[in-house]
Amino acid sequence: MAVSGFTVGTCILLLHISYVANYPNGKVTQSCHGMIPEHGHSPQSVPVHDISVSQMTFRPGDQIEVTLSGHPFKGFLLEARNAENLNGPPVGSFTLIDSEVSQLLTCEDIQGSAVSHRSASKKTEVKVYWNAPSSAPNHTQFLVTVVEKYKIYWVKIPGPIISQPNAFPFTTPKATIVPLPTLPPASHLTKPFSASDCGNKKFCIRSPLNCDPEKEASCVFLSFTRDDHSVMVEMSGPSKGYLSFALSHDQWMGDDDAYLCIHEDQTVYIQPSHLTGRSHPVMDSRDTLEDMAWRLVDGVMQCSFRRNITLPGVKNRFDLNTSYYIFLADGAANDGRIYKHSQQPLITYEKYDVTDSPKNIGGSHSVLLLKVHGALMFVAWMTTVSIGVLVARFFKPVWSKAFFLGEAAWFQVHRMLMFTATALTCIAFVLPFIYRGGWSRRAGYHPYLGCIVMTLAVLQPLLAVFRPPLHDPRRQMFNWTHWSMGTAARIIAVAAMFLGMDLPGLNLPDSRKTYAMIGFVAWHVGTEIVLELKYTMTEFRSFSHLLQRKQRVMLLKRQCWQFMSVGMLLFSSYFYLQSTIYEQAKTLAFAGQVIIIIKPKKVEACPDCLEHICEFSLGRLRSCL
């Protein structure tokens, strides 16, 4: 089943359930035919919205104004159908009156045959024009699906029937609308799940390994118990939103068979779904599930259900007697809407057949290749490069008479450390590509900065090969070029590491990682500043009587450039910390409100802001859109 600090707010990829209001931009062409949301909630029975028309009769080519009005609503899908066949294709096309409120959709390959919302903003009235086609039926009826909230919606609200002048009076067919499916009942569990049969009768996945959901509230637990031709599934974990697991052919999100337990209004809804990519799950019918039950106690959610091992003819349901990678994820949910999982899903280390012999296994929230990548980059740029720079800058006069293998000792140590850093960078650079199988479009700026660092890391030793002799006129140009490229590489590497720590593939602790990294940067910068001051004072004391005015100015300029480089390192750390605080304040959305940190020990709420983004900057509320 990843994104930089600059884009977390917009690229969080919320995992909404597939229905009309699920898409704030109104792109709901997949719901054109049935106009029925698929998300596990029952529609409302008594409509509170009306459709009115400017005239009750029409001729082909006429343009009729259609108005949808009623209680404030967020989403809608409006169509015209043959009144004698409401399950048939749309009739005619629409023309927008206000393109900022509504938009046209192409349904059944008929351009503009439906109208939907353009955004999730609340509205009380929408007006459009309906264009009567040349092949219009004698009687046409308008239908609309209206969404007020995620779980409050009305399906196919019937509107007025308009007729051609010479048509016979319309009589209502005996059956015009397909009955909406009813939800299977779910019982209440009377006791918690137990791990006592794991490895004996149950195939169990647990995190931490060997935890017991009966005794530990923090235990994430998933078990499969085979019984003849069916499997009993039990899932437990600490969650106020949802728990889910998925069966996958690979370790990537997409084309998976998934199951969710969603907490809402002190009830847990059990919902099968399937994943078509790295996006929201598409909800499926519950008809394939039996014996559904749930339990909520002290912040722990537990749910169970039974399904057949094989389901011939049922789309998107995998046969359970095949080996799969198993994903376990959890996240926030509000008003029936689910959001992206709060951390990288737990993924089993290999494929397993849950109907095979019972086992007791675990998994990992992070990927080994990415851990190695991060560790190698950290060693290369926070240890090897840092020591190499200090040796070249400050140990040259200390080891001026020491030689090793025919070269100055400081130079040999510097060269060895820098070649080691380049080698580690090259190895670390290829690991994410091996893991991803190519370029990652979801890692923000991190891979771009990494490519720049990799390029500079390779160019530095190549440039050093062409280093001019000590007294060559070009030596000064080489020194400045070598120093500039090295300093740029260090600054960009630090920025890349800060951004990389936020990627979910590493699953690092939220706050400690930032402060640990800042501590390493501050240690190196502080050490370099202290040594630079000591070195500068020593040079001035020792050679002040020999230095000419021009040489002194050049020495001061060099010191300024040194301090600017270490200042950039400090600035990148400070900027990352500020962006982290900004994004955390920006994304604290839960329970129907967005919490905005105004100043220490004071919070205010921006009500009704689940669809709003309140920006936080410099301790003040900038805007609440």
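Residues numbered from 1 in each chain as written. Predicted model: local features only at pLDDT ≥ 70, side-chain atom pairs only at ≥ 80, totals over all residues. Heavy atoms only, no water.

The name given to the protein chain in an unreviewed UniProt entry is Ferric-chelate reductase 1, with Theropithecus gelada as the source organism. Per UniProt, the protein chain has the following entry under Sequence similarities (unreviewed entry): "Belongs to the FRRS1 family." Recorded in UniProt for the protein chain, the comment headed Function (unreviewed entry) runs: "Ferric-chelate reductases reduce Fe(3+) to Fe(2+) before its transport from the endosome to the cytoplasm." (UniProt positions renumbered as here; feature names shortened; annotations may be inferred.)

**Student:** I tried to follow the pattern of salt bridges on my own but got confused; where do I start?
**Tutor:** Opposite charge on two side chains lets them pair, provided their charged atoms get close. For the coordinates displayed, the defined rule picks out 8 salt bridges. Its salt-bridge partner being lysine 202, residue glutamate 234 comes within 3.0 Å of it at the nearest N-O pair. Of this pair, glutamate 234 sits in strand E14 (residues 230-238) while lysine 202 is found in the loop between strand E11 (187-188) and strand E12 (203-207), placing the two residues 32 residues apart along the sequence. In this structure, glutamate 234 and lysine 202 share a single accessibility class: buried. A salt bridge links aspartate 227 to arginine 306; the nearest nitrogen and oxygen atoms lie 3.7 Å apart. With a gap of 79 residues between them, aspartate 227 in strand E13 (residues 220-227) and arginine 306 in strand E20 (residues 300-308) connect regions that are remote in the sequence. (Salt bridge = Lys/Arg side-chain N within 4 Å of Asp/Glu carboxyl O. Helix = DSSP H or I, 4+ residues; strand = E, 2+ residues; numbered from the N terminus. Buried < 20%, exposed > 50% of the residue type's maximum accessible area, 1.4 Å probe, protein only.)

**Student:** What exactly am I supposed to notice about the nonpolar core here?
**Tutor:** A general trend in soluble globular proteins is that nonpolar side chains are found buried together. Grouped together as the largest cluster of nonpolar side chains are 30 residues, with contacts concentrated most on Leu222, Phe224 and Phe245. Contact partners of phenylalanine 224, with chain neighbours within four places excluded, come to Lys201, Lys202, Phe203, Val231, Met232, Val233, Phe245, Ile326 and Val354. (Core = buried A, V, L, I, M, F, W, Y, C linked by side-chain atoms within 4.5 Å. Contact = heavy atoms within 4.5 Å.)

**Student:** Looking at this model, I keep getting lost on the state of the cysteines. Mind explaining?
**Tutor:** When the sulfur atoms of two cysteines share a covalent bond, that bond is a disulfide. Inspection of the entire model under this criterion finds 4 disulfides. At a sulfur-sulfur separation of 2.0 Å, the disulfide partner of cysteine 211 is cysteine 219. An S-S torsion of about 60° defines the bridge between cysteine 211 and cysteine 219 as right-handed. Just as cysteine 211 is buried, cysteine 219 falls in that class too. Through a disulfide, cysteine 261 is tied to cysteine 303; the S-S separation comes to 1.8 Å. An S-S torsion of about 85° defines the bridge between cysteine 261 and cysteine 303 as right-handed. In this pair, cysteine 261 sits in strand E16 (residues 256-264) while cysteine 303 sits in strand E20, placing the two residues 42 residues apart along the sequence. Judged by its relative accessible area of 1%, cysteine 303 is buried. (Disulfide = S-S within 2.5 Å.)

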